[in-house]
Amino acid sequence: MKAWIYGDYGDVNVLRLDEGVSVPGIEEDQVLVRVVAAGLNPVDFKRRQGKFRATDSPLPVRPTPAGVAVVRRPWRWGPTVPGYDVAGVVVKVGSKVKNLKEGDEVYGDISEKPLDNPKQFGSLAEYTAVEEKLLAIKPSNLDFPLAAGLPLAIETANEGLEKAGFSSGKSILVLGGAGGVGSLVIQVAKHVYGASRIAATSSTGKLELLKSLGADLAIDYTKDNFEELPEKFDVVYDTVGQGERAAKAVKEGGTVVVLTGAVSPPGFRFVVTSNGASLAKLAPFLENGKIKPLNDPKGPFPFSKLVDAFTHLETGRATGKVVIYPIS
């Protein structure tokens, strides 16, 4: 089958499309998914760049005698297939799989811990193997490209709000409200948790988008310093790495959720744990249209244009999620 692979850390040029990759086998608790669409996330390119190498799954190495430096040899000793988010169709089930069957349309983040020994065989392939517990049935009103952009981002949005103790009647400021996670934090905070007031930051051209997602106050970060506003918030959800500034925008007793960059009190940083049950919990809000996926208008990118898709994502200017479709 076809799969994108890399055998050493680096920029987009380490990626190669290989048409001779073996279809992965499945464990007894896994299903084999025919990948229809896959979503890209910042963690994908940061991992490929080697920023998490201390906890990453191993890259291929050529066996060497004791005392001789290890030399990396791409493509021959089990290269990494990147990708976390998947939407596709179950084509085979393991012996201990209970709730999924062949033909089910599913989606999910295939690595339970994105940074802690993530799967060496990811979602950017024609087939991938996934534990049943990490998947959920795709919402019937969403096509595969929309579903593929959701899992890691919506699970991150929801888990961050949970860990912050967010609840009905509280206010929130979302930094990076037009991004993949930020756009979902706005919607989940509003429709699932009952936020009393939502503010969010973006560039000038995306302010109306923030309002359409549910923001009561859209802040142009190119013109206004959000931390200097007289209004303070119960929770500041920082998706862009502005922790020190974020700490100045929170109410006394409030919380700052940080996904990247430095953390200042009262902030905390977390890494999402993938869980199909979380997707199932949020499914009603997707199916009734209250939460709407937001995919970047430049996409979807075809499978053959993965390098272009990563290049676009790595500019930091994507709106919503960058998605690969079709996978073929």
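Predicted model, so just to flag it, every value in this text is computed and none were measured. What you see as residue numbers is a count from 1 along each chain, following the sequence as written. Local features in a predicted model are, by the rule used here, given only for residues with pLDDT of at least 70; side-chain atom pairs are given and counted only at 80 or more, and totals for whole chains, interfaces and linings are based on all residues. Here the side-chain values reflect all heavy atoms present in the structure, with hydrogen atoms and water set aside.

J.: Is there a simple way to think about the sheet that holds strand S11 (residues 233–238) in this case?
T.: In a beta sheet, neighbouring strands pair by backbone hydrogen bonds and run either parallel or antiparallel. A pair of strands is treated as paired once DSSP finds two or more bridges between them. Counting from the N terminus, the helices are DSSP H or I runs at least four residues long and the strands are E runs at least two residues long. Across the sheet, which stays open at both edges, the 6 strands sit in the order S10-S9-S8-S11-S12-S13 with parallel pairing between neighbours. At either margin of the open sheet sits one strand with a lone partner, and together these are strand S10 (217–220) and strand S13 (267–269). Adjacent strand axes in the sheet meet at a mean angle of 20°, parallel and antiparallel pairs treated alike. Alignment of strand S12 (residues 250–258) against S13, held across 3 bridges, turns out to be parallel. In the strand pairing of S13, Val 256 is matched with Gly 267. Helix H3 (residues 151–163) rests against strand S8 (171–175), S11, S12 and S13 of the sheet, and its axis sits at about 145° to S11. Between the N-to-C directions of two axes lies an angle of 0 to 180 degrees, each axis being a line fitted to C-alpha atoms and, for a helix, fitted only over the stretch in contact. Contacts between residues were defined by any pair of non-hydrogen atoms, one from each residue, lying within 4.5 Å.

J.: When you look at the confidence of the model for the chain in this model, what are you seeing that I'm missing?
T.: Reading fine detail from the predicted coordinates is not recommended where pLDDT is low. On average, residues of the chain score 94 in pLDDT, and 95% of them are at 70 or above. For the stretch residues 68–77, pLDDT sits under 50, and the model shows 23 contacts to residues farther than four places along the chain or on other chains. The quantity known as pLDDT measures the predictor's confidence residue by residue, on a range of 0 to 100.

J.: Explain the packing of aromatic side chains here, please?
T.: Given two aromatic rings, one states the distance between the centres and the angle between the planes to describe the pair. In this analysis, rings of Phe, Tyr and Trp, with Trp reduced to its six-membered ring, are considered paired at centre separations within 6.5 Å, and the interplanar angle assigns stacked below 30 degrees, edge-to-face beyond 60, and tilted for intermediate values. Tallied over the full model, the rule gives 3 aromatic pairs. When the centroid spacing of 6.4 Å and the interplanar angle of 80° are considered together, the rings of Trp 4 and Phe 303 count as edge-to-face. You can see Trp 4 sitting in strand S1 (residues 3–5) and its partner Phe 303 sitting in the loop between helix H7 (276–287) and helix H8 (306–313), a full 299 residues away along the chain. Across the pair, Phe 303 and Trp 4 agree in class, each one buried. Between the aromatic rings of Phe 166 and Tyr 193, the centroid separation amounts to 6.3 Å while the plane-to-plane angle is 65°, which identifies the pairing as edge-to-face. Remark: Tyr 193 occurs in the loop between helix H4 (180–191) and strand S9 (197–202) and Phe 166 occurs in the loop between H3 and S8; sequence separation between them is 27 residues. We call a residue buried when its accessible area falls under 20% of the maximum for its residue type, exposed when it is over 50%, and partly exposed in between, using a 1.4 Å probe and counting protein chains only.

J.: How should I be thinking about the pattern of salt bridges in this particular structure?
T.: Pairs can form between side chains of opposite charge once their charged atoms are near each other. Salt bridges are counted wherever a side-chain nitrogen of Lys or Arg sits within 4 Å of a carboxyl oxygen of Asp or Glu. Tallied over the full model, the rule gives 14 salt bridges. As a salt-bridge pair, Lys 321 and Asp 85 come within 3.2 Å of each other at their nearest N and O atoms. Taken together, the residues span a long stretch of sequence, with Lys 321 in the loop between H8 and strand S14 (322–324) and Asp 85 in strand S4 (residues 85–93) at a distance of 236 residues. Exposure remark for Lys 321: the relative accessible area of 6% places this residue in the buried category. The residue Glu 208 makes a salt bridge to Lys 211 at a minimum N-O spacing of 3.5 Å. You can see Glu 208 and its partner Lys 211 sitting in helix H5 (residues 207–213), 3 residues apart, about one turn around the helix.

J.: Help me out: how do you make sense of the nonpolar core in this one?
T.: Nonpolar side chains tend to gather and get buried jointly when the protein is soluble and globular. For our purposes a nonpolar core is just a set of buried Ala, Val, Leu, Ile, Met, Phe, Trp, Tyr and Cys residues, chained together by side-chain atoms within 4.5 Å. Within the largest apolar cluster, 49 residues are counted, with the highest numbers of intra-cluster contacts made by Ile 154, Leu 161 and Ile 172. Aside from chain neighbours lying at most four places away, what touches Leu 161 is Phe 166, Ile 172, Val 185, Val 188, Ala 189, Tyr 193 and Tyr 237.

J.: What is the right way to look at H3 in this model?
T.: For an α-helix the count is 3.6 residues per turn, leaving residues at separations of three or four pointing the same way. Helices are assigned an expected span. That span is 1.5 Å times one less than the residue count. Taking 1.5 Å per residue, 13 residues should reach 18 Å; H3 reaches 18 Å between its end C-alpha atoms and fits that length. The element H3 is extensively covered by neighbouring structure, given that 11 of its 13 residues are classed as buried. Among the residues of H3, Pro 151, Leu 152, Ala 153, Ile 154, Glu 155, Thr 156, Ala 157, Asn 158, Glu 159, Gly 160 and Leu 161 are the ones counted as buried. One or two positions beyond H3, positive phi appears at Gly 165, with a value near 70°.

J.: It is not clear to me how H4 should be interpreted in this structure. Could you clarify?
T.: Between the first and last C-alpha of H4 there are 17 Å, a value that for 12 residues agrees with the 16 Å anticipated at 1.5 Å per step. Counting buried positions along H4 gives 10 out of 12 residues, so the element sits mostly inside the fold. Inspection of H4 places Gly 180, Val 181, Gly 182, Ser 183, Leu 184, Val 185, Ile 186, Gln 187, Val 188 and Ala 189 among the buried residues, and these make up the whole buried set. Elements that come into contact with the buried residues of H4 comprise H3, S8, S9, H5 and S11.

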